[in-house]
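# Report on the structure
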2 protein chains.
Amino acid sequence: MKMLSLIPLMLLAVLSMSACLNLDKQPGMCAKLPMAADGIVRLSKIEVYPEYLEEYINYATEVGEVSLRTEPGVLTMYAVSEKENPCMVTILETYANQEAYKSHIASEHFQKYKQGTLHMVKTLVLSDQVPLNPASRINNFIQ
Amino acid sequence: MKMLSLIPLMLLAVLSMSACLNLDKQPGMCAKLPMAADGIVRLSKIEVYPEYLEEYINYATEVGEVSLRTEPGVLTMYAVSEKENPCMVTILETYANQEAYKSHIASEHFQKYKQGTLHMVKTLVLSDQVPLNPASRINNFIQ
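Residues numbered from 1 in each chain as written. Chains lettered and ligands numbered in written order. Predicted model: local features only at pLDDT ≥ 70, side-chain atom pairs only at ≥ 80, totals over all residues. Heavy atoms only, no water.

An unreviewed UniProt entry annotates chain A as Antibiotic biosynthesis monooxygenase of Parabacteroides hominis.

Set out below in structure tokens:
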């Protein structure tokens, strides 16, 4: 095999490495732990007082971004609000294991969100869930 | 540069290519469309009659797998049920655009699920949502 014949293979390798970095490991996202047997799948249902909605969204967006970017055990933190009633917020939160959840709750960014939004939240229901299909996997990242 | 010195680079390239295939393009999953301006983010909330729960889960698992594997515009179909009350099912459904949704609704696998589970469903609420953070992206695949 001649040196010259290796060049296309090397180019392909470099291209495939960069595609890989762009697609499965988003820039600015930490590597993630696998979901363990003691992992958590949760729907957090929050009703926000209308006068605080905009401010609440800022807090929730910040804590979601920091948690997803920096915590290996925070697998999803996907927050949505109802089109017909934007004060009704649902967050799909998944944690790789119990330890990851404890570490998240103790983090500075979570405490900033929690203490900063206490007066904005009318009701909060944490509803633990079980995936119907154990083979279904979900990834969440900040683009 | 000697031929011999290229071998580690080539090995690394092959390894990185297989990591890429495993992580960002799961085997058996079709390529996905990007979320468009007319995309849909929805929480479907379903209460299932207890006597049909097991059968319902089989139908829901099948339609989720086929839709995620074969439909480029079905981005997520992540179904969970409450730990405390397994008859309460929530599905996070996201569709890349309106056309993708119409095509899903018309598909044979969706119609099999829909017609097959009509008598199992006590209540159904389709609640369209807006992500709080437009930069937050979510991927769903069958492992």
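### As for the sheet that holds strand S4 (residues 121-131) of chain A
The strands making up a sheet associate through backbone hydrogen bonding, with each pair oriented either parallel or antiparallel. The line we're drawing: A pair of strands is labelled paired if DSSP reports no fewer than 2 bridges between them. A run of H or I in DSSP becomes a helix once it reaches four residues, and a run of E becomes a strand once it reaches two; helices and strands are each numbered from the N terminus. All axes here are fitted lines through C-alpha atoms, helices being fitted over the stretch that makes contact, and every angle between N-to-C directions spans 0 to 180 degrees. Contacts were defined at the residue level, with two residues in contact if any of their heavy atoms lie within 4.5 Å.
Spatially, the eight strands close up into a barrel ordered S1(A)-S3(A)-S2(A)-S4(B)-S1(B)-S3(B)-S2(B)-S4(A), and their pairing is antiparallel. In this sheet, adjacent strand axes meet at a mean angle of 35° when their direction is disregarded. Along the sheet face, helix H2 (residues 53-70) of chain A touches strand S1 (40-48), strand S2 (74-82), strand S3 (88-95) and S4 of chain A and points at about 160° away from the line of S2 of chain A.

### Notes on empty space enclosed by the protein
We count it as follows: Cavities and pockets are defined on a 1 Å grid built over the protein atoms alone: a cavity is a set of grid points where a 1.4 Å probe fits but cannot escape, while a pocket is an open set with protein on both sides within 12 Å along at least five of seven lines, and lining residues are those with an atom within 4 Å of any such point. Grid points are joined across faces, edges and corners, and a volume is the space filled by probe spheres set on the points. Residue classes follow a fixed rule: Ala, Val, Leu, Ile, Met, Phe, Trp, Tyr, Cys and Pro count as nonpolar, while Asp, Glu, Lys and Arg count as charged, and any other residue, Gly among them, counts as polar.
Applying the stated criterion across every chain, the model contains two cavities of 30 Å³ or more. Around the largest cavity sit Leu43, Tyr78, Val80, Thr90 and Leu92 of chain A together with Leu43 and Leu92 of chain B, which together line it. Residue assignment for the lining of the largest cavity shows that the elements contributing at least two residues are S2 and S3 of chain A. In terms of residue class, the lining of the largest cavity is made up of six nonpolar, one polar and no charged.

### As for helix H4 (residues 108-117) of chain A
Residue and element names in this part refer to chain A. Going by this rule: To sort residues, take the accessible area from a 1.4 Å probe on protein chains only and compare it with the maximum for the residue type: under 20% means buried, over 50% means exposed, and anything in between is partly exposed. Taken from the helix axis, the directions to the C-beta atoms give the arc we talk about.
If you check which residues of H4 are buried, you get His109, Phe110, Tyr113, Gly116 and Thr117. Buried residues in H4, looked at end-on, bunch into an arc of 145°, giving them a common side. Residues of H4 that are buried make contact with S1, H2, helix H3 (98-106) and S4.

### Focus on the pairing of S3 of chain A
Residues and elements named next belong to chain A. Within S3, seven of the eight residues are buried, which leaves it mostly tucked inside the rest of the structure. Relative to S3, S1 is paired through eight bridges, and the arrangement is antiparallel. Bridging from a neighbouring strand, serine 44 pairs with isoleucine 91 of S3. Bridge analysis of S2 against S3 gives seven bridges, and the strand direction is antiparallel. Across the sheet, methionine 77 pairs through a bridge with glutamate 93, a residue of S3. What sits between the antiparallel neighbours S2 and S3 is a turn of five residues.

### Here's the deal with the confidence of the model for chain A
To be explicit about the condition: Values of pLDDT, ranging from 0 to 100, describe the predictor's confidence in every residue of the model.
Put simply, chain A has an average pLDDT of 88, and 83% of its residues get 70 or more. Here the predicted complex carries an ipTM of 0.83, next to a pTM of 0.84.

### Description of the packing of helix H3 (residues 98-106) of chain B against helix H4 (residues 108-117) of chain B
Residues and elements named next belong to chain B. Test applied: Between 65 and 115 degrees an angle is taken as roughly perpendicular, under 35 as roughly parallel, over 145 as roughly antiparallel, and anywhere else as oblique.
Contact pair H3 / H4: the axes reach a minimum separation of 5 Å and the direction vectors enclose 60°. In this view, H3 runs oblique relative to H4, as classed from their interaxial angle. When H3 is examined against H4, the residues His104, Ile105 and Ala106 are found in contact with a partner set consisting of Glu108, His109, Phe110 and Gln111. Classifying every residue of the contact of H3 with H4 by side-chain character gives three nonpolar, three polar and one charged.

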